[in-house]
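The lines below spell out each chain.
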Amino acid sequence: MPRISISSSENEDKIGPYVIENLQKNEEIKVIIEIKEPDSEKGIFIKNQKTSDEIELGKRKIKENIEEKIGEKIRHDFGNEIAVKISKEELIELNNNPDVKSIIIDKPIQAFLQDSIPLINATSVWPIRISNFNITGIDETICILDTGINFMHPDLIGKNKTCIINCITEDCVENCSIADDNGHGTHVAGIVAANGGRKGAAIGAKLIGVKALDSSGQGTTSDIDAGIDWCIANSLTYNISVISMSLGTDCDLTPQYCYNTYCDVEWVSTATRIDNATTRNISVIIATGNDYNKTHISSPACIKNATAVGATNKDDTIASYSNRNNLTDLIAPGTSISSTSNSGGYESRTGTSMAAPHVAGAFVLIREFFRLQNNRVPTPLEILTILNSTGKRINDTSGNGLNYSRIDIYSALISNDSLAPSVNLTSSDNRTSNFNANLSFSCSANDVLLSNLSLYVWNSTKNIINVTFRTIASINAEEEFSLNLSYGNYSWNCLAYDHKGKSNFANSNFTITYDSIKPIINIISPADSSSYTSSQSINFVYNVSDNYNLANCSLIVNNAVSLTNSSIT
């Protein structure tokens, strides 16, 4: 696909970040166009008087002109801004339109997993970039021991590392002819990693569906143990970092299998397998059960090296149905969670079964963060300690009076941030020449939490002549600075600080020239009005002179109708 070249002009570039990048990948994209105030000198206003009606009339004429030029109806009209869909050719037309002030990408918006994923601050983590990777769970895999997963659901397509591992009617054998015959596992999988109409906690993570429960949601300890064994045995092959189990004993039907102390002695086989998993840095997340029990939790959540998860309501109160006691490690949203349905749509379910996968997603995000930032894999205990110490403290005032930590993934990452911000210079290419007194500089920065961003400008003798400081409190910053400078050569860079006082410039300075005289171009050949046949090749020869070092030269060839070729030589 040919690249887009926008010929330089005396006007500042109007095209915002990501517009050209997206048009390289798509025939058309949606953008927002900001128009300028109507100009009375163009005869739009009567006797040079700008009444409110005449201003609106002027704007309407500008918009009608844009519609006519791009052949596309305005999708949304916000007064000084309009939303339209444009092609590559139309972008060039708009960039040359004197009534257009700016063209920015119309950012895509999708529904999240109702309101539970933002509640645990997963959405705030995804924009954080380390080594060019967003923290979304990339290269992490979660084993979900449940009723299976319907990987044909649109939000789960491509998430599976294997077909379903059947531990119910077979000895944990990969079986591509089965999926989820209950729906519980598919709902849980969506909470962990859906990426579509709903978004789970770790949208970049992969999944393995281990069928350890039958169509009625029932299973046995041996089925669970076999499933854990399979995940451990295949952990290196599929980079399995978390085992998630939204299952356990019923404290009403079998109270002897619910505990207020660690149950490793009574559940030796399962405890041994969980110990084996955590020794290999595989975290095991287990729901505590839904029996309204305030003193006992279901097994196997009661095993010491498991991470036991209780449930909250979306107003950050303890869910009354959630089993919880002093063995409960973390809590997460579990009430009325809308996630992927086995039928292909969405459904709401309630229970600690819904809370546990929120925590499973949190574990893989923190694991990825550590792996990229510190070049090591944290232990399950480390991750648990981080989430416990940084979560929102909630007191079970109407229950057992204990305090629990509702996970907050972004706070967990903030507390463990050890890298300085990454900074990029996003203005025109390096060694840019400019013929306007007002020079524009733009740069971007990314960090877990930025504090400020400053522009530094040096003159040709390497003396600092400007520092422009801006306070920032976000993950990403995209800032533009404008300065009036005298003629000469300058170098510039941006310095970003994060919340811990760590700082960084971009890797190298950019240079910019403010020149009073534009380059002089002499076309040598072909001669004006030359004629050639279609079989002849044409050599274009020209020379350019300038007061300063040239940054680039562009050859632009037009036919009688439109631009056919533009390339930087």
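Our structure is the block above this text.
Counting from 1, residues in each chain are numbered in the order their sequence is written. Local features in this predicted model are restricted to residues of pLDDT 70 or higher, and side-chain atom pairs are both shown and tallied only at a pLDDT of 80 or more, whereas totals for entire chains, interfaces and linings draw on every residue. Side-chain figures throughout are based on the complete set of non-hydrogen atoms in the structure, without hydrogens or water.

### Some details on the layout of surface pockets
- Only protein atoms enter the calculation, which uses a 1 Å grid: trapped sets of points that fit a 1.4 Å probe without letting it out are cavities, open sets showing protein on both sides within 12 Å along at least five of seven lines are pockets, and any residue with an atom within 4 Å of a point is a lining residue. Grid points are joined across faces, edges and corners, and a volume is the space filled by probe spheres set on the points. Put simply, the second largest pocket is a space of about 660 Å³.
- Around the second largest pocket, the lining is made up of 26 residues, and of these Gly217, Leu247, Gly248, Thr249 and Asp250 lie nearest the centre.
- Mapped onto the lining of the second largest pocket, the elements with two or more residues apiece are α6 (221–233) and α9 (352–374).
- Class assignment of the residues belonging to the lining of the second largest pocket gives a composition of 6 nonpolar, 18 polar and 2 charged. Secondary structure elements follow DSSP: runs of H or I no shorter than four residues count as helices, runs of E no shorter than two count as strands, and numbering proceeds from the N terminus. Note on residue classes: Ala, Val, Leu, Ile, Met, Phe, Trp, Tyr, Cys and Pro are nonpolar, Asp, Glu, Lys and Arg are charged, and everything else, Gly too, is polar.

### Looking at the packing of aromatic side chains
- Pairing of aromatic rings covers Phe, Tyr and Trp, the last counted by its six-membered ring, and requires centre-to-centre distances within 6.5 Å; plane angles under 30 degrees mean stacked, over 60 mean edge-to-face, and any other angle means tilted. Enumeration over the complete set of coordinates arrives at 7 aromatic pairs.
- Taking 6.3 Å as the distance between ring centres and 50° as the angle between the ring planes, the aromatic pair formed by Trp458 and Phe505 counts as tilted. Placement of the pair is Trp458 in strand β24 (residues 450–458) and Phe505 in strand β28 (residues 503–505), with a sequence separation of 47 residues.
- Phe505 sits in the partly exposed class, given a relative accessible area of 32%.
- Each member of the aromatic cluster is reached from another via a ring pair, and the members are Phe441, Trp492 and Phe510.
- By definition here, charges over rings are those cases where NZ of Lys or CZ of Arg is within 6 Å of the ring centre and within 35 degrees of the ring normal. Seen from the ring of Phe481, Arg470 lies directly overhead, with NZ or CZ sitting 4.3 Å from the centre. Each residue is placed in one exposure class: buried if its accessible area under a 1.4 Å probe, protein chains only, is under 20% of its type's maximum, exposed if it is over 50%, and partly exposed if it falls in between.

### Overview of the environment of Gly334
- By the secondary structure assignment, Gly334 is in the loop between β16 (330–333) and β17 (337–340).
- A C-alpha to C-alpha distance of 7.2 Å links Gly334 and Ser353, two positions 19 residues apart in sequence.
- Contacts: residue pairs with any heavy atoms within 4.5 Å of one another. Beyond its immediate stretch of four places on either side in the chain, Gly334 contacts Ala311, Thr312, Tyr321, Arg349, Thr350, Gly351, Met354 and Ala355.

### Remarks on the pairing of strand β29 (residues 510–514)
- Where burial is concerned, most of β29 is hidden: 4 out of the 5 residues are buried.
- One requirement defines pairing of two strands: DSSP has to find at least two bridges between them. Inspection of the sheet shows strand β27 (residues 488–498) paired to β29 by 5 bridges, in the antiparallel sense. Bridge pairing in β29 places Tyr490 opposite Ile512.

### Side note on the environment of Asp498
- Following the sequence through the fold, Asp498 ends up in strand β27.
- By relative accessible area, which is 2% here, Asp498 ends up buried.
- Ignoring any residue separated from it by four or fewer positions in sequence, one finds Asp498 in contact with Asp417, Leu419, Ala420, Pro421, Asp447, Leu449, Leu450 and Ser451.

### Details of unusual backbone geometry
- In the segment running from Ser299 into Pro300, the intervening peptide bond is cis, with an omega of 15°.
- Checked against the element boundaries, Pro300 lands in the loop between β14 (297–298) and β15 (307–312).
- In this model, Asn239 sits at a positive phi of 55°, which is unusual for a non-glycine residue.
- Despite not being glycine, Tyr292 shows a phi value in the positive range, around 60°.
- In this structure Tyr292 comes out as exposed when scored by relative accessible area, which is 53%.

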